[in-house]
Amino acid sequence: MNMSDTDPQETAEWHDAFAALIASQGAERARHILNSLAEQARAQRIGWQPELATPYVNTIAVDVQPPFPGDLAMEERLASLIRWNALAMVVRANQAYGELGGHIASYASAADLFETGYNHFFRARGEASAQACDPASLGDLVFFQPHSAPGVYARAYLEGRLTEDDLAHYRQELTSPLARTGQGARGLCSYPHPTLMPDFWQFPTGSMGIGPISSIYHARFMRYLTHRRLLDCTGRKVWGVFGDGEMDEPESMSALTLAAREGLDNLVWVVNCNLQRLDGPVRGNGRIIDELEKLFAGAGWNVIKLLWGSDWDGLFARDTTGALARAFANTVDGQMQTFAAKDGRYNRDTFFGQSPELARLAQGMTDEQIDRLKRGGHDIVKIHAAYAAAAAHRGQPTVILAHTKKGYGMGSAGQGKMTTHSHKKFDETDLIAFRNRFSLPLSDEQVTSLCFYKPADDSPELRYLHAQRQRLGGYLPRRFSDCAPVNVPSLDSYAPWALQADGKEMSTTMAFVRMLGNLLKDGELGPRVVPIVADEARTFGMANLFKQVGIYSSVGQRYAPEDIGSVLSYREAQDGQILEEGISEAGAIASWTAAATSYSVHGLAMLPFYIYYSMFGFQRVGDAIWAAADQRARGFLLGATSGRTTLGGEGLQHQDGSSHLVAATIPNCKAYDPAFSGELAVILDHGMHEMLVDQKDVFYYVTLMNENYAQPDFPMGSASDAVRGCYKFRSYSCDGDGDGNDAGDAGDKTRARDRPRATSAATAKPQVTLMGSGAILTEVIQASQQLAEQGFHVDVYSVTSWSELARDGLASVSEGATPFVADQLRASHGPIIAATDYVRAVPESVRAYLPMGRSYTTLGTDGFGRSDTRAALREHFGVDAASIVQAARKACAIDPLGA
């Protein structure tokens, strides 16, 4: 708030008194007085509170700046070489193939931020810890700004981890020699993708906003591991380098208060404030750094502003009138971007020409010196001071707001220009100007030929580079995947009642919660289980786990809960096992990802189970799930209250009819829709063995229902079929005893598929095959019984996974083999009717892989959901027993043999 000073003399006296207080009694006493005055101001209701934004100057004053411990000239030379190789890599790829894309300007702005971390702060996981899980050498976690990937590759080239041929195949993963012949150069992926470069990239950050929230929950999960005494992560840091434009993403901001509330001083964000996003300024008419300072400070973070380089120190020292600070306070980012794009003469006339005080400060400086004035994010000494302060800070997460120029050093070709983000082509003049700007040891011919440059192995530059990294534990980014397997208890130890259910009524959600509770009691696996829920534990019947294992809280429980006398009372504990994330699916999936990748990140296998309303999974946080898949997560996602008709009364935004369709698009996600507790048990058992024992990089999506119905015994002879996607549940026909049931159920060891197919001449009964999954299988069974009473022979198949059947079918066809689903259905007869609680595209996915000559009708829940009873909803969508009977009779009337 700007107010005129009505009594300057009194103001000066207050200033002098406060300065004297600091000089005589120190900063702590000064803070006490300020707090007391603020408290009095609030009591008097004068309507004042301190500004969260501070002046546009560096937080760390030059007089408290620590000595720089490195060889400054050497580090600047190395940074220049890496800049060149990154630029050459992108430009070469686009000269050869104009469609490949790539980014130069983002890394140009962040290069010094990266290099200071590499040379002094980013600790790598040592080789010893990779084998022995030594907590002292597990290293830090580093999230790299995705558009800066070329710079990371360029450094790895100097380190000897990538070859010149590798760099020559940037964004050419399919045409690289390694992809074609299995040897030679590898193709380098566009952004950090652990799936595509599984020994290199650790965290996927290419989707804006996912990296920031993921880094917060990784930092919190490290505290979780420490407090539960599973792995000591004390002293390890999570570093994240992100863009200022990326902070507009809601995921970037959504967990800031959690980080502060948890006191995550193991977390440091570096926000590269080059003031420009893809199309133009981040805040053309404002100042993004001021905005972010207010946001982070208000959320409880420690904020370090890194704005101006060392060349500005003398100017600030000579500025006795505060002209610089006033000029910066009145300069919006759009104008600051123009200053970055223009030369020294323009900046002398336009910036320093604003007032006589500023003009005097620029006297004696050449235009070139003005042009070379560095912003703080390009000054290694200033960056080191900010990083050191962040690393030493305790009690809060820290954000460093680093002021940079997008396209720094690209000169007239792109520095600060609106088009710089997509700039990837340079003419000869621009390339030579870049060479001269960074004093690169390259001839004109080498420059125009875009030759990569690497000093000799015994050069001072590479000896320095290797020494700095060895001091910090090795090289990064680097991904490990080896960890000790975890034994899985036998099914009989935690789910015998699910396999031999004997018709007991329960929902599959309740069956899961009971299995989970038993798994938590296992001596070896139990401590590795991480139950995760987004504020719906009571909804899913998990309240009994509150007392059993507790809810994780970094501070324990500082209150007596209202329901303390209840057997289901709320219990928080520092060693609690449940991660209860509040109403934040984005936070819960980020926690799940941290646990699901612990085997790689920490060398310690964990088993997360995240249970949630299925509609709020893939539809709401599908991008985060895709990133988890990229990071090769291992764990279970449980979509509870699944399907479009099982959640009666809730309506359109709660009823899920599409999650299995989306799950099918993720290659390493195995999606299942079990109808019965026995099916669920064998699926969980298989998944745990696959992930913990066989250590395959897959994760499971399993949908659960809240509908209670009779649970049949599960025929263990069909376990492998259930895991592969479907099994023969039962055959129904009017057999004379009135039960509508013959002996050909799933437990019959005599496989009907081995008997010759009946024809209309061989039987008087019309025949039909029904397939169903999840919530609708009970409707399929009812329809089968009704059809049997009407004289039909009905074969019923329980489909546990449509997507696994479709994947098997595609693979089988390409290999010239018979698809599993066709083999299963060979024993059945007549038209095939499939019904699910999902859109028809889900069962349609297997149409191409069914037995030849059989008609196929699909029933599903396409359209928006409604609020009503289950019965009314199923009738409305045409997936109830009556609709299935009608579809079967119609199909048989048209084609009784299914031909």
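## Digging into the nonpolar core
Next, step 1: Membership of the largest hydrophobic core comes to 91 residues, with the highest contact counts inside it found for Ile-216, Trp-269, Phe-296, Trp-301 and Trp-592.
Next, step 2: By residue number, the principal contributor to this core is helix α8 (residues 210-227), which donates nine residues.
Next, step 3: If we ignore the near neighbours within four places in the chain, the residues touching Trp-592 are Ile-532, Pro-608, Tyr-610, Ala-628, Ala-633, Gly-635, Phe-636, Leu-637 and Phe-699.
Next, step 4: Grouped together as the second largest cluster of nonpolar side chains are 90 residues, Trp-497, Val-513, Tyr-727 and Val-879 included.

## A few points about the sheet that holds strand β4 (residues 302-306)
Next, step 1: In spatial order, the strands read β1-β2-β3-β5-β4; together these five strands make up an open sheet with parallel pairing. Only two strands of the sheet have a single partner each, and these edge strands are β1 (141-143) and β4. In this sheet, neighbouring strand axes are inclined to one another by 15 degrees on average, regardless of whether the strands run parallel or antiparallel.
Next, step 2: Relative to strand β2 (residues 238-243), β1 is paired through three bridges, and the arrangement is parallel. Among the inter-strand pairings, Leu-141 is bridged to a residue of β2, identified as Val-238.
Next, step 3: Along the sheet, helix α11 (residues 288-299) makes contact with β3 (267-273), β4 and β5 (398-403), crossing β4 at roughly 160 degrees.
Next, step 4: Packed on one face of the sheet, helix α18 (residues 380-392) meets β2, β3, β4 and β5 and runs near 175 degrees to β4.

## Focus on a nonpolar patch on the surface
Next, step 1: On the surface, a cluster of nonpolar side chains totalling about 330 Å² of accessible area is made up of Trp-14, Leu-34 and Leu-37.
Next, step 2: Considering the arrangement of structural elements, one finds Leu-37 in helix α1 (residues 8-43).
Next, step 3: Judged by relative accessible area, Leu-37 falls into the partly exposed class, the value being 39%.

## What to know about the sheet that holds strand β18 (residues 793-799)
Next, step 1: As summarised here, the arrangement of the five strands in space is β16-β18-β17-β19-β20, forming an open sheet in which the pairing is mixed. Edge positions in the open sheet fall to β16 (726-732) and β20 (856-859), since each of these has one partner strand only. Geometrically, the sheet is characterised by an average inter-axis angle of 20 degrees between neighbouring strands, direction not taken into account.
Next, step 2: In the sheet, β16 pairs with β18 via six bridges, with the strands oriented antiparallel.

## Some points on helix α26 (residues 585-596)
Next, step 1: Taking 1.5 Å per residue as the helical rise, α26 with its 12 residues ought to reach 16 Å, and the 16 Å between its terminal C-alpha atoms agrees with that figure.
Next, step 2: Among the 12 residues of α26, 11 are classified as buried, and the element is accordingly described as predominantly covered.
Next, step 3: Glu-585, Gly-587, Ala-588, Ile-589, Ala-590, Ser-591, Trp-592, Thr-593, Ala-594, Ala-595 and Ala-596 are the residues of α26 that are buried.

## Thoughts on the environment of Thr-641
Next, step 1: Among the structural elements, Thr-641 can be located in the loop between β12 (636-640) and α29 (659-663).
Next, step 2: Thr-641 sits in the buried class, given a relative accessible area of 4%.
Next, step 3: Through-space distance from the C-alpha of Thr-641 to that of Thr-509 is 7.9 Å; in sequence the pair is 132 residues apart.

## A closer look at the packing of aromatic side chains
Next, step 1: According to the stated counting rule, one finds 50 aromatic pairs in the structure shown.
Next, step 2: Note on Tyr-153 and Phe-200: the rings are 5.8 Å apart at their centroids and 35 degrees apart in plane angle, and the pair reads as tilted. Taken together, the residues Tyr-153 in helix α5 (residues 149-159) and Phe-200 in the loop between α7 (177-181) and α8 connect sequence positions 47 residues apart. Comparing Tyr-153 with Phe-200, the two get one shared label, buried.
Next, step 3: Summarising the aromatic geometry, the rings of Tyr-153 and Trp-201 are spaced 5.6 Å apart at their centres and angled 70 degrees between planes, so their arrangement reads as edge-to-face.

## Structural notes on unusual backbone geometry
Next, step 1: Residue Leu-476 is joined to Pro-477 through a cis peptide bond whose omega torsion reads 5 degrees.
Next, step 2: The residue Pro-477 is located in the loop between α21 (460-471) and α22 (491-494) in this model.
Next, step 3: Unlike most non-glycine residues, Arg-45 shows phi in positive territory, near 55 degrees.
Next, step 4: Tracing the chain through its elements places Arg-45 in the loop between α1 and α2 (72-96).

## Quick word on the confidence of the model for the protein chain
Note that predicted coordinates carrying low pLDDT should not be read in detail.
Next, step 1: Scored by pLDDT, the protein chain has a mean of 91; 93% of the residues are at 70 or more.
Next, step 2: Counting contacts from residues 736-744, a segment whose pLDDT is below 50, to residues more than four positions away or on other chains yields 18 contacts.
Next, step 3: This stretch, residues 746-762, has a pLDDT under 50; its non-local contacts, to residues over four places away or in other chains, come to 26 contacts.

Rules and cut-offs
- Residues numbered from 1 in each chain as written.
- Predicted model: local features only at pLDDT ≥ 70, side-chain atom pairs only at ≥ 80, totals over all residues.
- Heavy atoms only, no water.
- Core = buried A, V, L, I, M, F, W, Y, C linked by side-chain atoms within 4.5 Å.
- Buried < 20%, exposed > 50% of the residue type's maximum accessible area, 1.4 Å probe, protein only.
- Helix = DSSP H or I, 4+ residues; strand = E, 2+ residues; numbered from the N terminus.
- Contact = heavy atoms within 4.5 Å.
- Pairing = 2+ DSSP bridges.
- Axes fitted to C-alpha atoms, helices over the stretch in contact; angles between N-to-C directions.
- Patch = residues over 30% accessible without salt bridge, like charges linked within 9 Å, V, L, I, M, F, W, Y side chains within 5 Å.
- Areas by Shrake-Rupley, 256 points an atom, 1.4 Å probe, with all protein chains shown as cover.
- Salt bridge = Lys/Arg side-chain N within 4 Å of Asp/Glu carboxyl O.
- Expected span 1.5 Å × (residues − 1).
- Phe/Tyr/Trp six-rings, centres within 6.5 Å; stacked < 30°, edge-to-face > 60°.
- pLDDT = per-residue confidence, 0-100.

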